[in-house]
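# Report on the structure
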Amino acid sequence: MKPYLIALDLDGTLLKEDKTISPFTKDVIRRAIDAGHFVVIATGRPYRASRMYYEELGLTTPIVNFNGAFVHHPRQPSWGMHHYPLPLAVVKDIVEISESYGIKNMMAEVLDNVYFHQHDDVLLDIVRLGNPTVEIGDLRRSLGKDPTSVLVYTDDDHIERIQSHLANVYANVIHQRRWSEPWHVIEIIRHGVHKAAGLKQVANYFGIPKERVIAFGDEDNDFEMIDWAGLGVAMGNAIESLKTVADDVTKSNEEDGIGLYLQDLLGL
């Protein structure tokens, strides 16, 4: 069998609700690697918050972080660090209109450095994993580099208005997505950046055509990846709109969806 490139989203896909990988799925993934297939993580998380799973699986491949805004090879620095940040000026513009549009807070990440516009215990809890360097203060002054991603924290009454404004003013500059309930958070990365773009770099590196790329996901940030892959597989717990784009649907993340699917498909 020719080798496949297997792309795994983390939250809601590879990871169970308790943020662990089931022993069965882990065993199947390791057997896939031993059989000559390539396994890569493609996640919205930063590397610092996905490194433990990369090491747990014993991966030796590049990793796609920040939904494609940062792609690198943890075990081969010479492979390069492909970083696609947002223009700093745009982020500062968004800060300027924050009060009039009901934005409660903003957080920017420059790889492993985290910047908060204001102190916020809720958002701090989200980013603590991996012990990032955290700075709190007006982003117009504290941010000195183009950020990898930005989170806009608001409420249910304002989120659609903010998204509409961002789409009207910055459509050719940013790519935005709304987090699922109960979060009223808008995640912003650079326009044209998504998991599929990062995955293409990895596929090209290994010489794998997209027909032999298998991708698993569950949320709207997996759309491009699932649509681009030769075999895009939605989890049983995935949002319905992703299932309509996917080539197939497997069982949920709580039911070893990835492990069972790969075992059957690859004869492991």
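Owing to the predicted nature of the structure, the values given are computational and were not obtained by experimental measurement.

### Examining a nonpolar patch on the surface
- Together, Val-122, Ile-126 and Trp-183 give the surface a local cluster of nonpolar side chains, amounting to about 210 Å² of exposed area.
- Looking at where Val-122 falls in the secondary structure, it is placed in helix α4 (residues 121-127).
- Val-122 sits in the partly exposed class, given a relative accessible area of 36%.

### Focus: the layout of surface pockets
- Each pocket or cavity is described by its volume, and for the largest pocket that value is around 900 Å³.
- For the largest pocket, the lining is made up of 35 residues, of which Asp-11, Lys-19, Arg-45, Arg-177 and Trp-179 are closest to its centre.
- Secondary structure elements with two or more residues in the lining of the largest pocket: β6 (105-110), α4 and β9 (149-153).
- The leading source of residues in the lining of the largest pocket is α4, at three residues.
- A class-by-class count of the residues in the lining of the largest pocket yields eleven nonpolar, nine polar and 15 charged.
- When residues are assigned to domains, the lining of the largest pocket turns out to be shared by domain 1 (3-81 + 192-264) and domain 2 (86-188), each giving three or more.

### Here's the deal with the packing of aromatic side chains
- On inspection of all chains with the given rule, the structure shows five aromatic pairs.
- Note on Phe-38 and Phe-206: the rings are 4.1 Å apart at their centroids and 20 degrees apart in plane angle, and the pair reads as stacked. Remark: Phe-206 occurs in helix α7 (residues 195-206) and Phe-38 occurs in strand β2 (residues 38-41); sequence separation between them is 168 residues.
- The rings of Phe-38, Trp-79, Tyr-205 and Phe-206 are connected pair by pair, giving a single aromatic cluster.
- The ring of Tyr-153 carries Lys-104 above its face, with NZ or CZ at 5.7 Å from the centroid.
- The lysine or arginine in question, Arg-161, covers the ring of Tyr-101, its NZ or CZ lying 4.3 Å from the ring centre.

What counts as what
Residues numbered from 1 in each chain as written. Predicted model: local features only at pLDDT ≥ 70, side-chain atom pairs only at ≥ 80, totals over all residues. Heavy atoms only, no water. Patch = residues over 30% accessible without salt bridge, like charges linked within 9 Å, V, L, I, M, F, W, Y side chains within 5 Å. Areas by Shrake-Rupley, 256 points an atom, 1.4 Å probe, with all protein chains shown as cover. Salt bridge = Lys/Arg side-chain N within 4 Å of Asp/Glu carboxyl O. Helix = DSSP H or I, 4+ residues; strand = E, 2+ residues; numbered from the N terminus. Buried < 20%, exposed > 50% of the residue type's maximum accessible area, 1.4 Å probe, protein only. 1 Å grid on protein atoms, 1.4 Å probe; cavity = no way out; pocket = protein on both sides within 12 Å on 5 of 7 lines; lining within 4 Å. Points joined across faces, edges and corners; volume = space filled by probe spheres on them. Nonpolar A, V, L, I, M, F, W, Y, C, P; charged D, E, K, R; others polar. Domains from an automatic or database assignment. Phe/Tyr/Trp six-rings, centres within 6.5 Å; stacked < 30°, edge-to-face > 60°. Lys NZ or Arg CZ within 6 Å of the ring centre and 35° of its normal.

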